[in-house]
Amino acid sequence: MLKLHCNIKSISAWAVIVIYITLLWTNFNIKRWKETNVIDWDITSYYGYLPAIFIHRDIKLDFTQGKEAEYANKHQFWPEKAPNGGKVIKTTMGMAILYLPFFFTAHTIALLNNYEADGFSEIYEKYIHLSCLFYLFIGIIFLRKSLLQFFNDNITALILLFITLGTNLFYYSTTEAAMSHAYNFSLYSIFINLCLKWHREEKIITSVYIGITGGLIILIRPVNILVFLFPLLYNIKSLKDIKSKILYFAHRWKHLLVVAIMSITIVLPQLLYWKYITGNYLFNSYVGEKFYFNNPHILEGFFSYRKGWLLYTPIMIFACAGFYYLYKYYRHLFTSVFIFFVLNSYVLFSWWSWWYGGGFGIRAMIDSYPLMAFPMAAFFQNLYNKKTKIALYTSTFIGLLLVAFNLFQTKQYRSGIIHWDGMTKEAYWQSFGKLQITDTNYWNLIKPPDYETAIKGKDEYEFNPF
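Residues numbered from 1 in each chain as written. Predicted model: local features only at pLDDT ≥ 70, side-chain atom pairs only at ≥ 80, totals over all residues. Heavy atoms only, no water.

**Student:** Any chance you could explain the overall build of the chain here in plain terms?
**Tutor:** The number of helices and strands found in the chain is 20 helices and two strands. Here the chain has a C-alpha radius of gyration of 22 Å; the compact-globule value for 466 residues is 23 Å, and the two agree. On the principal axes, the C-alpha backbone points of the chain span a range of 70 × 65 × 50 Å. Per-residue burial for the chain yields a buried fraction of 57% across its 466 residues. Taking contacts inside the chain between residues at least 6 apart in sequence as the whole, the part at least 24 apart equals 74%. Element-wise, carbon and sulfur atoms account for 63% of the exposed surface of the chain, whose accessible area totals about 21,100 Å². In the chain, which carries 42 positive and 28 negative side-chain charges, the distance between the mean positions of the two groups comes to 13 Å. (Helix = DSSP H or I, 4+ residues; strand = E, 2+ residues; numbered from the N terminus. Rg over C-alpha atoms; globule rule 2.2 N^0.38 Å. Buried < 20%, exposed > 50% of the residue type's maximum accessible area, 1.4 Å probe, protein only. Contact = heavy atoms within 4.5 Å. Areas by Shrake-Rupley, 256 points an atom, 1.4 Å probe, with all protein chains shown as cover. Lys, Arg positive; Asp, Glu negative; His and termini not counted. Charge placed at Lys NZ, Arg CZ, Asp CG, Glu CD.)

**Student:** Help me out: how do you make sense of the environment of I398 in this one?
**Tutor:** Tracing the backbone shows I398 in helix α18 (residues 389-414). Each C-alpha atom of the pair I398 and I315 lies 8.7 Å from the other, and the pair is 83 residues apart in sequence.

**Student:** Any chance you could explain the pattern of salt bridges here in plain terms?
**Tutor:** Opposite charge on two side chains allows them to pair when their charged atoms are near. Evaluation of the coordinates by the stated rule reveals ten salt bridges. Its salt-bridge partner being K74, residue E70 comes within 3.6 Å of it at the nearest N-O pair. Looking at E70, the relative accessible area reads 43%, which means it is partly exposed. Looking at K74, the relative accessible area reads 43%, which means it is partly exposed. (Salt bridge = Lys/Arg side-chain N within 4 Å of Asp/Glu carboxyl O.)

**Student:** Explain the side chain of Q412 to me, please; I cannot follow it from the model alone.
**Tutor:** Relative to the helices and strands, Q412 resides in helix α18. Exposure remark for Q412: the relative accessible area of 3% places this residue in the buried category. When residues no more than four places from it in sequence are discounted, the contact partners of Q412 are I417, I418, S431, F432, G433, K434 and L435.

**Student:** How do you make sense of the packing of aromatic side chains when you look at a structure like this?
**Tutor:** Aromatic ring pairs are reported here in terms of the distance separating the ring centres and the angle at which the planes meet. Applying the stated criterion to the full structure yields 67 aromatic pairs. Seen from their ring centres, Y47 and F120 are 5.6 Å apart, and the 80° between their planes marks the pair as edge-to-face. Of this pair, Y47 sits in helix α3 (residues 42-54) while F120 sits in the loop between α5 (94-112) and α6 (122-147), and the two are 73 residues apart along the sequence. In terms of burial, Y47 and F120 fall into one category: buried. Positioned above the aromatic ring of Y248, the side-chain terminus of R252 is 3.8 Å from the ring centre. Between the NZ or CZ atom of R306 and the centre of the ring of W355, over which it lies, the distance is 4.6 Å. (Phe/Tyr/Trp six-rings, centres within 6.5 Å; stacked < 30°, edge-to-face > 60°. Lys NZ or Arg CZ within 6 Å of the ring centre and 35° of its normal.)

**Student:** How should I be thinking about unusual backbone geometry in this particular structure?
**Tutor:** Negative phi characterises most residues that are not glycine, and trans characterises most peptide bonds. The residue R57 is not glycine, and still its phi comes out positive at about 50°. With respect to the secondary-structure elements, R57 resides in the loop between α3 and α4 (68-73). Even without glycine at this site, H75 takes up a positive phi of about 55°. Along the chain, H75 turns up in the loop between α4 and β1 (80-81).

**Student:** I would appreciate a short explanation of empty space enclosed by the protein in the present structure.
**Tutor:** Over the atoms a probe the size of a water molecule is rolled, and this reveals where empty space is left. Under the definition given, this model contains three cavities of 30 Å³ or more. Space inside the largest cavity adds up to approximately 80 Å³. What lines the largest cavity is a set of 14 residues, and nearest its centre among them are H297, W352, W354, A454 and K458. Among the residues making up the lining of the largest cavity, the classes are represented as seven nonpolar, four polar and three charged. In this structure, the second largest cavity is lined by T44, S45, G48, L61, Q76, F77, W78, P79, I89 and K90. (1 Å grid on protein atoms, 1.4 Å probe; cavity = no way out; pocket = protein on both sides within 12 Å on 5 of 7 lines; lining within 4 Å. Points joined across faces, edges and corners; volume = space filled by probe spheres on them. Nonpolar A, V, L, I, M, F, W, Y, C, P; charged D, E, K, R; others polar.)

**Student:** Sorry, what's going on with a nonpolar patch on the surface here?
**Tutor:** On the surface, L268, L272, Y281 and L282 cluster together into a nonpolar patch covering about 430 Å² of accessible area. Tracing the backbone through its elements, the reader meets L272 in helix α12 (residues 253-278). (Patch = residues over 30% accessible without salt bridge, like charges linked within 9 Å, V, L, I, M, F, W, Y side chains within 5 Å.)

**Student:** What's the story with the layout of surface pockets in this structure? I'm lost.
**Tutor:** There is about 410 Å³ of room inside the second largest pocket. If you go around the second largest pocket, you meet 13 residues; those closest to its centre are Y305, K425, Y461, E462 and F463. Split by residue class, the lining of the second largest pocket holds six nonpolar, two polar and five charged.

**Student:** What's the story with the environment of E176 in this structure? I'm lost.
**Tutor:** Relative to the helices and strands, E176 resides in the loop between α7 (153-165) and α8 (181-201). We classify E176 as buried; its relative accessible area is 15%. Between the alpha carbons of E176 and L392 there is a distance of 34 Å; along the sequence they are 216 residues apart.

**Student:** Got a minute to help me understand the environment of G308 in this structure?
**Tutor:** With respect to the secondary-structure elements, G308 resides in the loop between α13 (298-303) and α14 (309-312). What G308 contacts, discounting residues up to four positions off in sequence, is E300, G301, F302, F303 and I362.

Here's what the structure looks like:
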């Protein structure tokens, strides 16, 4: 199923190998790997289920009683408090499921070699970090398989390189590899490929896999349920196709039932956990945080100096431009991908912290890059098909420059020159092209967000795109 079909004539297969060697080399030669500062911030919550269940044997976290500050200082357990007083882990348990085999491996090694078997020592951090490369490699293979169904081998190779090395996915598969984004990128890639396969073969076993994969996507990040728009809207080329698509699914209701049952089965442990801890099957574990759909910050999310998606990941401009060619030449893909992109952007930037806390660029967009690969590929495939060599070579050269720019900005972010949440126009241009800041006044240009105002759904950021 994961056969790469690598041969000397397959440029895209060689691209996968180059990507993975690059990721491996980078991972083993960065500060975070050497210092094993992995289980931290959001990862503390993703991971917390595992040591709580398998080491402390206490999912209620009663063992933290009276030691909350101690655990918080060690960045280990940061539960939220439910109205009934229960200590509830903030994030859903999808990431813990993906970490699980690597956690067990690390725990076994720790026990057999007299390492500290507390779930947070160096051996655990290294294996959790490595889990990202395992899942990402699988995801890249599936993305390649999907792209090759519509685009030629050369374009597929180019897009794989652009998506993995030219976007903030590179940062979140190296420096903060244990964050959820590269994992969801891989699950999206697998999900898309399975949906395409189902539309060709319509096998029940494929429906099972779709349900499992979709369930995991939801369990990692519930808002990513929007990915189901892809199979629902796939092959709808116009409004008149909607009725035929409904009839198409109606005749295959057993498949839909299987997908639903498998997805619910995957999500069920989370519902039971919430019920056990909070007394409710559905619970907003992000206590006090919510979406403000009446006040989205889409322009800020796309263009602001604080975190603008297209400012810090400019290569995705090709994907945005590619929607035109996706509509023109790949209409069966356009509706599903475009509507997902629009709704996903609206939902993501309606979150109270539209900049998504500390991070490099808009990290929440990374999950959807497998879908964005299609319009990007359509852009370059159009140039290739028209044999407009100058336009193709120029666009490819610009793309490669943007890959280099992304790698440079990644280095800047790692060095602290690009601030995690307080960049301004003045700070951005003063630091542009620099790997070292000598002017101490630079730090006065950094303006951290007003979190207290934003969490109330109020504008705290003056932004004028014009």
